[in-house]
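Working through the structure, step by step
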Amino acid sequence: MRTLTVVLLLLLPVGVAAQRKTPAAMLRGTVRDTAGAAVRSAVVGVPGTTLYTQTDPNGRYRLAPLPAGDLTVRVAAIGFQPTAKAVTMTAGDSTVADFALVPSPLELTPLDVVSTKVPRFGDRAATSVAQVSEREIDKRAVNTIDEAVDKAAGIQFLNGQINIRGSTGYVQGLNSRVLLLVDGVPMNQGDRGGINWDLLSVDEIESVEILKGAGSSLYGSSAFGGVINVTTHDIPNGIHTRLRLTGGLYGDPPHPVWSFRDNPGLLGSADFAASYGNDEMGARVSGGDRHSDGYRQQDRDDHLHFAAKGRWTTNNTRVDLSGSWAADRYDVPLSWCSRSECDDRGQLFQPFMVDTTERGARTDSRKGYVAAQVRTTVSPQFAWSGRASWLRTDFTDVRRSASEFGIGDRFGLGGQLEARPDTTRVVVVGVEGTLSDVSSDIFGDHTQSEFAAYGQSEQRVASLHVSAGARVDFLAVDGGSLTAVVSPRLGLTVPTDHRERDGGQLRASVGRGFRAPTMAERFVRTVALGLDVVPNPTLRPENAWSFEIGHTSAPLWGLMRVDAALFWTEARDLIEPQTLFVPPDTVRIQLQNVVRARLRGLDASLTAAPLRRLSTTVGYTYLDTRRQLADSASGPLAFRPRHLLTAGADYTLGSAAVGADFRFASRVEKIELEGFVDPRRVAMKVLDLRGSWSSGPVVFRLLASNVLNYIYNLVPETLAPVRTLTLTAVWTH
Amino acid sequence: MRLPLAGFILLVALVGCGGGLEPEPICAPGLVGVCGTLHFRGAIPPQTDNVFVAAYVTFPRTCNDLIANRQPFFPGSVPYTDSVAAYSVGLLPGRYEWVVAVWKKVGTLTATAADTALLRVAGYYRNPGDTSQAGVVAVANGAAAGNIDIVIDFDKLRPATDFVTCGP
């Protein structure tokens, strides 16, 4: 790793020196829509090169260094038709090029910079990708990142654990089969591998890309079921401030026999951000506080967070520094009250109340990260980037019986070279290293290291786009012997419609994914459901082969566009909790590699714009899972609903807009540890209504989530959110 | 615009209605008798043995009636440590003039009028139209009479003699 750092540091001046040899040209201008409004976050770049940038909140962009001569510059943004323009650049001079984008609700997500791994411009990925833009986050008036991602087709959250096409299931936060990247930096916890969705304020988010299917060939462990890449706002030129205030209240239980308090529960938050930037550098600081009474007994949550970001730009190099820190104190409604566990009022279960023995349970949690990234565009054909990061999570679970604590670190280092030998090909190679440690009374004191090298080539052959890559990961726990995992991948896209733009496309891919056991999974020693949980240091990495074939249609009758994909995953050595019977009468829980599993299904979405002001989306995922145990017993995987449906509609009229979202998930057929928990569970049917109105720099948003106050649970004995009404005001300067 | 909006509403209507978690029915499945909730107030007396619910076809007049005409003759205890408890009591179809919750002190019952020394009237079902009066309950053939709710105040337990005449 030290060698890599030295190489990267050496490359930095080389890049700068290379740029100084010939005076560079600079392109600047604005991107607006046909009504003259600035288009934020539009990608401006030169196809087939390493040169691209994004517009700021005023629609301004600055693209440099560019070579002198004639160039084609392409601009793309979500919800607009992409456009291109030929410009002539003069060495040592700047050129202005303004763009006007035509709104197009059916336009495909541009996917121009899906991740920092393979920046692709104008080409679509060979795997399914869903994108949640800032505009969608705004209009949905959500307060956390997981709430924003939850609305995407094929995605489901189970009590904070994300599932992409049924990848993770639910294992009480002890792992995640989805990798979270924040600006390309891995952010899964070092000890438990889970995701802290409240690490960043939703105000920090510019977009969220969801890569579905195994992504380990580029991203390594945890990218078993997919990757969530969160892109934070860039720092625009000038002074910008933003204040966001939210207030709301929770609905009461729909049946008096379930009521548990006299006054409605309240929630509120305040967030502030300020930034200053110029062409060379910029900085932003933000902070916020959130309080919630919760929607059930013992459900208070207090959250405080700060974040900062800085950038420094020279002609061809950009350095980004970012960090965030958040503290939480939240009550833990561990499970609902079953008969005789509380004042149950004659009910077999009281979903809004907790077991008396769990009264007072709470968690104090702190987490933070710092990250540094550098990217140097040595030439239009060559760029390199490097990053270093440190994520720390610290929790203390306060329980009546005993308290537990854990401190986890994740140190990461990586470097990548990006080459574009010609306009039809891009090659990336890189190395990564991760060192994780944990100090905990339930996980023990341990370290885990991962070293990896990867490469991927994307080549356009006639109208085909072929991508092939592989990654090798070496894993070691507590300095022990190395375990090697190889993850190859092959992808193909074929246009099925040769229109100049927005034609249909067929895609197919096959790849291998894996996930290393987390230290929590290997070494956890605690008590759950009244049973001893014992460690299993011999856990092996999970692995899977994923196949996908999909098609995106061209616009049909000018009204709609359909995307559908068939997916198939064959997984081995899945890590799931199992009960151990120890003679004569002891039962224990242990995480074991016991499952050979199959997940297959259909993922489809439809986007329609029947009227200029009306847009609708429908997404449907059919999931068929099966697991094969050593004793040849089989059945569906736990916590995987067979049907998942999302539907949304938005109507805009001037400065006002209204919308609705509906989510349905069928009742899960199987749960873990059945017989030890209340097996009661129902389907999810949630309707959200929302409206917004803007006046000058202020926008008001009203959100009524779960407006029907449908009472449901997705995991045993854990009530999902009830009707919640929130009003948000955002002032932007 | 009508078509997609109608489609959206239809979609919500098709899959979005009903089916969520519901409270468990108070009445036991297949019950023929009375059922409802007991609302407890006051401090539980230290000598408490149990609390049960009984019913009388006609309002009892004597301590003997209290014991001999009680239905069921051997009533089961109901939970009394929570603020509210559900109860179900199996009865023969008919009309009942008094449904009463009884507190029992620690001690052995003899199924005679002497038992009233160990028993107290804790509360009874009241006429919804005139809460100063006992409510009459009709148990139909093969059915349960629900919502027969009773308030029990442990601080205001009343001896049998407040309601009936007990001989020497």
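Within chain B, the regular secondary structure consists of two helices and twelve strands. The linear arrangement of helices and strands in chain B, starting from the amino end, is α-β-β-α-β-β-β-β-β-β-β-β-β-β. Burial statistics for chain B: of 168 residues in total, 30% are counted as buried.

Along its length, chain A carries five helices and 44 strands. Relative to the globule expectation of 27 Å for 733 residues, the C-alpha radius of gyration of chain A, 25 Å, shows essentially globular dimensions. Counting only C-alpha atoms and orienting by the principal axes, one finds that chain A spans roughly 80 × 60 × 45 Å. With 733 residues in all, chain A has 50% of them scored as buried.

The next point concerns the sheet that holds strand 5 (residues 69–76) of chain A. Residue and element names in this part refer to chain A. Read across the open sheet, the four strands follow the order 3-2-5-6; overall the sheet is antiparallel. Sheet topology places strand 3 (52–54) and strand 6 (83–89) at the edges, where each strand pairs with a single neighbour. In this sheet, neighbouring strand axes are inclined to one another by 25° on average, regardless of whether the strands run parallel or antiparallel. With three bridges connecting them, strand 2 (residues 43–45) and strand 5 associate as antiparallel partners. Across the sheet, Val43 pairs through a bridge with Ala76, a residue of strand 5.

For the rest of this paragraph, the subject is the sheet that holds strand 2 (residues 48–56) of chain B. All names here are of chain B. One open sheet holds the four strands; their spatial order is 3-2-6-7, and the pairing between them is antiparallel. On the outer flanks of this sheet lie strand 3 (77–78) and strand 7 (119–124), each paired with one strand and no other. Inspection of the sheet shows strand 6 (residues 98–105) paired to strand 7 by five bridges, in the antiparallel sense. Each bridged residue has a counterpart across the sheet, and for Val102 the counterpart in strand 7 is Val121.

With that settled, the discussion passes to the nonpolar core. Membership of the largest hydrophobic core comes to 108 residues, with the highest contact counts inside it found for Val149, Ile210 and Ile228 of chain A. Here this core takes five residues from strand 12 (residues 178–182) of chain A, the largest share from any one element. Setting aside chain neighbours within four positions, we find Val149 of chain A in contact with Val132, Ile155, Ile162, Val208, Ile210 and Ile228 of chain A. With 40 residues, the next largest nonpolar core counts Val34, Leu66, Tyr96 and Val99 of chain B among its residues.

Across residues other than glycine, the phi torsion is negative in most instances, and most of the peptide bonds are trans. Residues and elements named next belong to chain A. Of note, the bond from Pro583 into Pro584 is cis; its omega dihedral lies within 30 degrees of zero at 5°. Of note, Pro584 is situated in the loop between strand 34 (560–582) and strand 35 (586–611). Backbone geometry places Gln298, a non-glycine residue, at a positive phi of 55°. Secondary-structure assignment places Gln298 in the loop between strand 18 (281–292) and strand 19 (301–313). Positioned with a positive phi, Asp573 is a non-glycine residue whose angle comes to about 60°. Summarising the element assignment, Asp573 is placed in strand 34.

On to the interface of chain B and chain A, then. Contact with chain B, which involves 21 residues of that partner, is made by 29 residues of chain A. When residues of the side of chain B that touches chain A are traced back to their parent elements, those giving at least two are helix 1 (2–16) and strand 4 (84–90) of chain B. Looking at the side of chain B that touches chain A, the element that brings in the most residues is helix 1 of chain B, giving eight residues. Looking at side-chain class alone, the side of chain B that touches chain A contains 14 nonpolar, five polar and two charged residues.

Residues and elements named next belong to chain A. According to the domain assignment, chain A consists of domain 1 (2–101) and domain 2 (129–732). Look at where the C-alpha atoms of domain 1 and domain 2 centre, and you get two points 32 Å apart. Across the boundary between the two partners, domain 1 contributes 28 residues, which contact 30 residues of domain 2. Counting residues per element, the ones that place at least two in the side of domain 1 that touches domain 2 are helix 1 (2–21) and strand 4 (60–66). Counting residues per element, the side of domain 1 that touches domain 2 draws most heavily on helix 1, at eight residues.

Moving on to the confidence of the model for chain A. Mean pLDDT over chain A works out to 86, with 93% of the residues at or above the 70 mark. Low confidence marks residues 1–21 of chain A, where pLDDT is under 50. Its contacts with residues over four positions away, or in another chain, come to 24 contacts.

All names here are of chain A. Residue placement: His233 occurs in the loop between strand 15 (226–232) and strand 16 (238–250). Its 23 C-beta neighbours within 10 Å are what place His233 among the buried residues. The spacing of His233 and Asp183 is 50 residues in sequence and 9.5 Å in space, taken between C-alpha atoms. Ignoring anything within four residues of it in the chain, the contact list for His233 reads Glu204 and Glu206.

The predicted coordinates ought not to be read in detail in places where the model reports low pLDDT. On average, chain B scores 87 in pLDDT, and the residues at 70 or more come to 89%. This complex was scored by the predictor with a pTM of 0.83 and an ipTM of 0.78.

Residue and element names in this part refer to chain A. For strand 20 (residues 317–331) and strand 23 (residues 362–379), the ladder comprises 15 bridges, and the chain directions are antiparallel. Residue pairing in the sheet places Ala327 in a bridge with Arg366 of strand 23. Sheet analysis places strand 23 next to strand 24 (residues 382–398), joined by 17 bridges and oriented antiparallel. By the bridge assignment for strand 24, Arg366 is matched with Asp394. Counting the residues between successive antiparallel strands, the hairpin from strand 23 to strand 24 contains two residues.

All names here are of chain A. Mapped onto the fold, Cys337 is located in strand 21 (residues 336–338). The exposure class assigned to Cys337 is buried, which follows from the 26 C-beta atoms found within 10 Å. Once the C-alpha coordinates of Cys337 and Val354 are considered, the two residues, 17 residues apart in sequence, prove to be 4.6 Å apart. Every residue in contact with Cys337, bar those within four places of it in the chain, is listed here: Cys342, Asp344, Phe349, Gln350, Met353, Val354 and Asp355.

Residue and element names in this part refer to chain A. Pairing analysis gives seven bridges linking strand 5 to strand 6, with the strands arranged antiparallel. Bridged to Val75 within strand 6 is Thr83. Hairpin connection between strand 5 and strand 6: a loop of six residues separates the two successive antiparallel strands, and Gly79 in this loop has a positive phi of roughly 90°.

Another point: the environment of Phe99 of chain A. Here Phe99 of chain A shows up in strand 8 (residues 99–101). Along the backbone, Phe99 of chain A and Phe547 of chain A are 448 residues apart, and their C-alpha atoms lie at a distance of 39 Å.

The rules behind these values
- Residues numbered from 1 in each chain as written.
- Chains lettered and ligands numbered in written order.
- Predicted model: local features only at pLDDT ≥ 70, side-chain atom pairs only at ≥ 80, totals over all residues.
- Helix = DSSP H or I, 4+ residues; strand = E, 2+ residues; numbered from the N terminus.
- Buried ≥ 20, exposed ≤ 12 C-beta atoms within 10 Å, placed from the backbone.
- Rg over C-alpha atoms; globule rule 2.2 N^0.38 Å.
- Pairing = 2+ DSSP bridges.
- Axes fitted to C-alpha atoms, helices over the stretch in contact; angles between N-to-C directions.
- Core = buried A, V, L, I, M, F, W, Y, C linked by C-beta atoms within 7 Å.
- Contact = placed C-beta atoms within 7 Å.
- Nonpolar A, V, L, I, M, F, W, Y, C, P; charged D, E, K, R; others polar.
- Domains from an automatic or database assignment.
- pLDDT = per-residue confidence, 0-100.

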